[in-house]
Each structure stands twice: as C-alpha cells, then as structure tokens.
Amino acid sequence: MFDNVADRNKLILQYPASWWRNMWREALPAGNGEIGAAVYGAIKKETILINHSELWHMGVKGELPDVSQSLDETRSLMHDGKFQEANWHLTNEVKKHGYFSKLACPLPLVDFELEMPCEQGFCQYSRGINMETGEVRVTWSEQDTTFARDLFVSRSDNLIVYKVSSNNTNAIDAILDFSLHPTHSPNMKDRHDELSGTVDVQTEGNFLFYKATNEDNTDFGAVARVIAEEGEIRSDHGKLRCTNANNLLILVKVFVKANSSTQWTTIKEELSKINTSYQQLLEEHLQIYQPLYFASTLQLTDDQEQWPNEALLLQAYKGKAPIRLFEKLWSFGRYLFISGTKASGQPFSMYGIWHGDYHLMWSHRMANENIQMMYWHSSVGGLSEYNLSLINYYESLIDDFRDNAMKLFGCHGIYIPAGTTPGIGKPNQLVPVIMNWTSAAGWLAQHFYQYYQFSGDEKYLKEKALPFMKEVARFYRDFLVIGEDGFYQYYPSVSPENTPANFMPESSKPVAHPMPTTINATMDFAVMKELLANLIEGSSIVSMYQRELPVWEEMLARIPAYQVNQDGGIREWMSEEFDENHEHRHLSHIYPIFPGQELVKEKEGRLFESFRKAVQKRKLGAQTSWSFAHMASIYARLQDASQARTCLDHLARSCLLNNLYTVHNDWRNMGLTMEIDYAPVQMDANLGVVNAIQEMLMYVSPKLVKLLPALPSEWTVGKINTFHFCTGTISFRWDLQKGAFSAVIEADRDTNILLCLPVHFKDYEWKGISEVVQSDLGEKYFQIKMEAKQTLEITSFHSFCE
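What this report covers is the structure whose coordinates are included nearby. (Residues numbered from 1 in each chain as written. Predicted model: local features only at pLDDT ≥ 70, side-chain atom pairs only at ≥ 80, totals over all residues. Heavy atoms only, no water.)

Examining the pairing of strand 35 (residues 781-786)
Argument step 1. The sheet contact formed by strand 31 (residues 751-756) and strand 35 spans six bridges and is antiparallel. Bridge pairing in strand 35 links Leu754 to Gln783.
Argument step 2. With four bridges joining them, strand 34 (residues 771-774) and strand 35 adopt antiparallel strand pairing. Each residue of the ladder has a partner; that of Val772, found in strand 35, is Ile784.
Argument step 3. In textbook terms, the turn of a hairpin is the stretch between consecutive antiparallel strands, and for strand 34 and strand 35 this stretch comprises six residues, one of which, Gly778, has a positive phi near 155°. (Pairing = 2+ DSSP bridges. Helix = DSSP H or I, 4+ residues; strand = E, 2+ residues; numbered from the N terminus.)

Here you go:
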C-alpha cells in the first residue's frame, strides 16, 4: 500500500477498527482543519464519521455572581491553618448563589455509510494513511477482484472526496446512506432521541441529503453527489443504490449553524459544477496541504523496510520501541495537527475533529497542561501560524475573563478558568483544583509572545500579544500580597493538579484532588516571572507601556527565589507548611526548565540540578500518556537522552491504540500509568510526543540553540530538514558510526544566537558569510551573527571514538 511513499510517512494496518461499540476510536482520520472524516475500514458496511470543528452542543454560560469578598475570607482561613475549609470556600460561595454553567461538547455531524456485498469472503485486507497526501485507503481482495476505497478532505474545495474502485469492470454494487451517529452512552440516550426526531434524509437523482437540528434551532447536515462510471444509480427507500459500476466518485459537503433547505439547494449547485476527477481534486488539495506537511521533515532510519502498525506495537512490548515507531509518531502527530485545525479556525481539540460520541470525557479546551501541549511543537516544526487559532480563540473570550477576575477575586485584568469551550469562558468546573488556580492566563501568554518571537511581527506584538499580557499583569498586581519580607505571597495557590503529601487522606482509596489549595506554589511564581519578563522585553522593543515598565520591574523583583528541599530537589510549594508529593502525573513545578526557558544548564548549573532531582522522584505508576510526553520533553531539556527515550518507550507500551491515537491511560492495569477503568482518547499526547522528539534533537530559545542535546545512542543516523529557531531555520544530518555531521543555517531575519554544536563530533569546519566567535562557555559553543538571507554551513567528519 502506498508503495512510492516512505514508510515513515504512512500508516499501514492489517486489521480493521475493532473497539467494540466505539469503533471510531480505532478509525483512520482525515481532515482539512475544519471538516473531519474518520474511516472505520469495514468491508461489508463501511462507516465514515463526519464532523465539523464549529459544531458543538449542550453548553450553558451562566451569569457569574459577585463573590469577590471571598478572597479575603479564604486568606483568613489559610492564616488560621484551616486549609481544608479554605480549599472549598470560593467554590462553595459560587455554588451558594445557584450559579450554573456548563461546558459545551463537540457534536458528531453525521455517519456516511456504504454497504457492499461480500459474497466470496475476503483476503489481502489492509488499511492505511498516506500522510504525504492526507489520503485514507482501505483495500481487499475477493477471489480475482481487488477493491480499494480512497478518501481525503480537500483543503482547496472544502469537501470530502471519496473514491471506490476495483480492478474489474462492473464489479461495484453499493448502497449509500447518511445516518445519525449512534451513542453507546446511557446518559446520552435522551439527547440522541431528541436529535433523531429532527433528522431528515432525502434523495434526488444521484444526490443524497441529510439534516438534523441542534438545540439552538439551527440545522447541520451534509449533501453527497454520487458519480458512477458505467452502472446505474437509483433511489431505494431514502438511500442511493449503485449497481454494476466500474468505480464511484462521491463528493460530500457539510454545513453547520444554517438553514437546511437553503443549504441543500446551494450545495447541490456547487457539487453539480465539479467536473474534475479524483486525481485532479487531489492535486489541487496538495498545493495547500503539502507545504504544511513538509514544512519540516525528520528521518531517523535509512532502511526501507515496511512496518505495519501492529508489528511496531508488538516490537515495543519486547524491548525498546522501534526507531521507526518514533519516526511515525512524529509524522502522525503533525498529520493530526495539520488535519485537525487551521490558523483561522478553532484550536486543536483533545479528540481532534474525530470525536465519536455526544458527551466525551475531557472534550473541552483545558489550559492547565493540555491545550498548551498540543501547540508546543508548532513553531520549531514550521507551523507557527497555527498558533493564531489558539490566540484568536482566547481573545474571543476576553470579556468573560475580565468578568471572572472582578467577580471572583475583585481584581482587574483577566482570570481564565482552566476549562473553556467556544463562546463559554466562565467557570464551569466548580472544584477547588480549578477554581483556585489563577495561572492559566499567564501560561497561555507564553504562546502569545512566542508567536511574536518566531514571526518578528511587531504589529501583532502591539495589537494582540502585549495587550493580552498587560491584562494578565494587571490581575497579578491586584491579586498578590506583599509579605513582611518584602516578597510576594501568592495565595490561594495551586500546583496543577497535585495535593501536598501531608494533606493526602490516610485511606488507600483514590481521591481526586483532595486539597490542592496552598501558599506559594512554585509554578505560579514561575509563570508570573516569565510573563513579566516577556512583557517588559516586548514593551521595550516597540516602546509601549513606558509608564508601566517600572511597576512591572518592581513586581518582578518581589518574586521570591525558588526553594530547595532537604533532598536537594526543587520544592513544589515554597512554603514549608506543605510536604512534597511525588506520586503525581503533573510536573508543574518544573516550569522554569520546561515548558519555560528561564533556566538553562549553562548558566544555572546548581539550581538546574535541583530541578533534575525533583523530576527523578516522580513515581512511575502515577503517570498518563501526556505526562510521559511532558516528562520526555523535560528530560530532553535536562539533556538526559536515556530517560527521555525511556519515557517514550513507556508511552508506546501503555497508551497507544493500533491507529496510533493516544489514550489518557492504560486501561489494562499494566503498572505504567494511573489505574482507572476508562481510557479516553486524548490527542494531547500525540502532539506532546512530536515536541519531545524535537526537543531531543534541537533546543531552541531566542538566544540559544543546541543541536542534538539529548540524542539517544540508538539514533545513530538522522536527517532534519528545516527546523525553525526564532530568526531562521536549521537543517542538519548525522551519522555516529561514520563520525559525520553537517548543518546548514539560513537566516530569515538578522540573527544573533549562541549555538551549541553536538558533543559527538569534533573539528568543525565553517563556510559562509557570517560572524562566528568561540564562546567562553566551552569549545562547542559559538556566538553567531548573520544578516537576513545569509547562509552558514557547518561540517565535521571526525568522531571522538577514533
């Protein structure tokens, strides 16, 4: 399958989707950033789940009561040592007023079903994704006839293109239908019945029409045009029946938030005007898709062997996961991201745009780890523009965030609750671990500012990034308290989503977030410090907010130093009233190392090592797929290649489905993750793995770039094309056995960086017009200055092992 495509750029499976009652979990996804299609891969009765990123339901935005007096009351309780009571005080005050708000859920749009006879039995079955083109294929044989079904979601024409073909003439008989996507959740039966009562399916000639009505009385649906080569198409009880066709071309367009009668007519006219072939439609799609997919490329193997997914996963259980699996996970994560969001659309979701039920666990936007993780990889991987989907989404909710800050805490500026959905920025998860955590806005500001760092767009900096960051700083200024020592006290303060060990219940029965509300969580100060430093720097660059600069500088000076515990590790809570708890998946207190860039090994060696000790104490069985990905990125920053690789191995053995979707945890109780009896699909880990691999191969900050900082010894050869740093790109390749390394640096803008070359090689040679000066940090460090459009080549052909 896809014989001319490099194995690292395709997924091949030898087994259909098979997760009982939830086959969408193992489907193969395609998408154009707005429309998603998940292909199950059945032979006799195929299902394609179709979704749209703007289709949501069941959300309620309540009117938040003014409970701002509760902040002083909470603090008073904490002063008296009544932490359990303080923990719930804000939440209970909000509930006391009868406040109700509910996060929306993504709503499945429709199932497209295709039924074909299977009278002779099948063999030679396979299904796969060509990630170079965005095509999903299912193929099989019945005696001397071979069938293939190919699908992609066009970025140029905004439609689903589906082809059914065979190697024999007049071999295709099929029944085509639209139907409401089923639910297997008892809690959603009433909602499903409600939707079912609004469904209308009609046929007209070779067109198939579908609509249903959402709770806001707007319609959503689809129109399909079926084009047969030879054969016959006729209506059959609301379905289309095709007989004796050589092949079928099916074109599907969808609509949301509209009137179905108008949309049916309009879309029918649009589809009727399409007179191009599958291949022509594909070529138009590739003009947009391939520059995104190939914006950066990665190769870690030279062999041409074809690895089906099943074999890769089985090999991971035998020992270390195959290198090819990591190549594919990097490519697949980027494929999901490119297919599941776009710069002008909704941000990427935990299920992408391939959700298969009506109220899925954690299907909202979660900003205490998850949505950030899904964007970490984007800038280095050449997809920086995609950050605009995240930025525009949170900007659209700014009025809610201002209202939250004032009514919950009596503060100006913004408070972003961890969980949001489109149009709903008010608190919804009324539990202390969410309500008392105030660093979401500061953490998200990292993404606002990073887009400027990689683009150099000063207009964006002035109009979007700095105004948002100023709102965050304004909240901090009102919220924080100056202690007797002249430093800030941050309370209530939460280190997502951990509870200090001395506040954990004595019962062995698991309790979610028993008492997370503390004083001076390390992460809260780390996020604040980063926000203020970036705000001061950005404002100085474009000469904005000059009056506020001294205020922000004073605030920065009042942040206390990080604290080290008796074991030599960084304290998760600076206050000694709270004991370390290492049995947790979150690594919030490591923020200054990752995802922040405050501390680097070269300048803060002793403190850097204290963060390393804190990471090493985390317990294995408390982890999840995303925490393994997060921890791998941390170990990459710590330049510990072995541990970074081990984290990825653990993830591969515990949380990968056969289609390479990541699930939150291992539901089989294998000892590597949290032991809970459900395992929701969570694609944050898919994208976290992309970032971890990039971090292992290249560290990037505005001033420092390191090549191969955490290279596993098994990754002996590799080739990277066009990884991005803030002002340019780097392409490089290596061969440890031959002692060969080469790199090409291209400056998109004027560049001044400190470059750390790999320790694996020596006797580097330089070629190009630039200023290169040896740094006093060591023989592998060079200060490089380049003008825009200049190129610098670096080579080494000598190994330390000679």
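That was the structure; now back to the text.
Focus: the environment of Val431
Argument step 1. Summarising the element assignment, Val431 is placed in the loop between strand 21 (419-420) and helix 11 (432-435).
Argument step 2. Taking the relative accessible area as the measure of exposure, Val431 reaches 33% and is therefore partly exposed.
Argument step 3. Each C-alpha atom of the pair Val431 and Asn87 lies 9.1 Å from the other, and the pair is 344 residues apart in sequence. (Buried < 20%, exposed > 50% of the residue type's maximum accessible area, 1.4 Å probe, protein only.)

Notes on the sheet that holds strand 26 (residues 698-700)
Argument step 1. Read across the open sheet, the five strands follow the order 26-27-31-35-34; overall the sheet is mixed. Of all the strands in the sheet, the pair left with one neighbour each is strand 26 and strand 34. This sheet shows a mean twist of 20° between the axes of neighbouring strands, independent of strand direction. (Axes fitted to C-alpha atoms, helices over the stretch in contact; angles between N-to-C directions.)

Quick word on the environment of Glu46
Argument step 1. Checked against the element boundaries, Glu46 lands in strand 4 (residues 45-52).
Argument step 2. When sequence neighbours within four positions are dropped, the list of residues in contact with Glu46 reads Val39, Tyr40, Gly41, Phe112, Glu113, Leu114, Val138, Arg149 and Tyr162.
Argument step 3. From its side chain, Glu46 meets the backbone nitrogen of Ala42 in a polar contact 3.2 Å long. (Contact = heavy atoms within 4.5 Å. Polar contact = N/O pair within 3.5 Å; in protein donor to acceptor, adjacent residues only side chain to side chain.)

Quick notes on the packing of helix 12 (residues 440-455) against helix 13 (residues 458-479)
Argument step 1. Contact pair helix 12 / helix 13: the axes reach a minimum separation of 9 Å and the direction vectors enclose 160°. The orientation of helix 12 with respect to helix 13, classified from their angle, is roughly antiparallel. Of the two possible hands of crossing, helix 12 and helix 13 adopt the one that is left-handed. Between helix 12, through Ala441, Gly442, Ala445, Phe448, Tyr449, Tyr451 and Tyr452, and helix 13, the contact on the second element is made entirely by Glu458, Tyr460, Leu461, Lys464, Ala465, Phe468, Met469, Val472 and Tyr476.
Argument step 2. For the contact of helix 12 with helix 13, the class distribution of residues is 13 nonpolar, one polar and two charged. (Parallel < 35°, antiparallel > 145°, perpendicular 65-115°, else oblique. Left-handed = near helix turned anticlockwise from the far one by under 90°. Nonpolar A, V, L, I, M, F, W, Y, C, P; charged D, E, K, R; others polar.)

Some details on the pairing of strand 4
Argument step 1. A large share of strand 4 lies buried, amounting to seven of its eight residues.
Argument step 2. As paired elements, strand 3 (residues 35-39) and strand 4 share five bridges and run antiparallel to each other. By the bridge assignment, Ala37 is partnered in strand 4 with Ile50.
Argument step 3. The turn joining strand 3 and strand 4, which pair antiparallel and follow one another in sequence, is formed by five residues; a positive phi near 95° is taken by Gly41.

A short note on the environment of Asp567
Argument step 1. Within the secondary structure, Asp567 sits in the loop between helix 15 (549-557) and helix 16 (605-616).
Argument step 2. Sequence spacing of Asp567 and Trp330 is 237 residues, and the spatial spacing of their C-alpha atoms is 36 Å.
Argument step 3. Residues in contact with Asp567, not counting those within four places in the same chain, are Lys613 and Lys617.

Examining unusual backbone geometry
Argument step 1. Omega for the bond connecting Tyr491 with Pro492 falls within 30 degrees of zero, at 0°, which places this linkage in the cis form.
Argument step 2. Within the fold, Pro492 resides in the loop between strand 23 (488-489) and strand 24 (493-494).
Argument step 3. Between Pro496 and the following residue, Glu497, the backbone shows a cis peptide bond with an omega angle of -20°.
Argument step 4. You will see that Gln124, though not glycine, has its phi angle at about 55°, which is positive.
Argument step 5. Examined against the element boundaries, Gln124 turns out to sit in strand 8 (residues 123-130).
Argument step 6. Not every positive phi belongs to a glycine, and Asn244 is a case in point at roughly 55°.

Keep in mind these numbers describe shape, not what the thing actually does.
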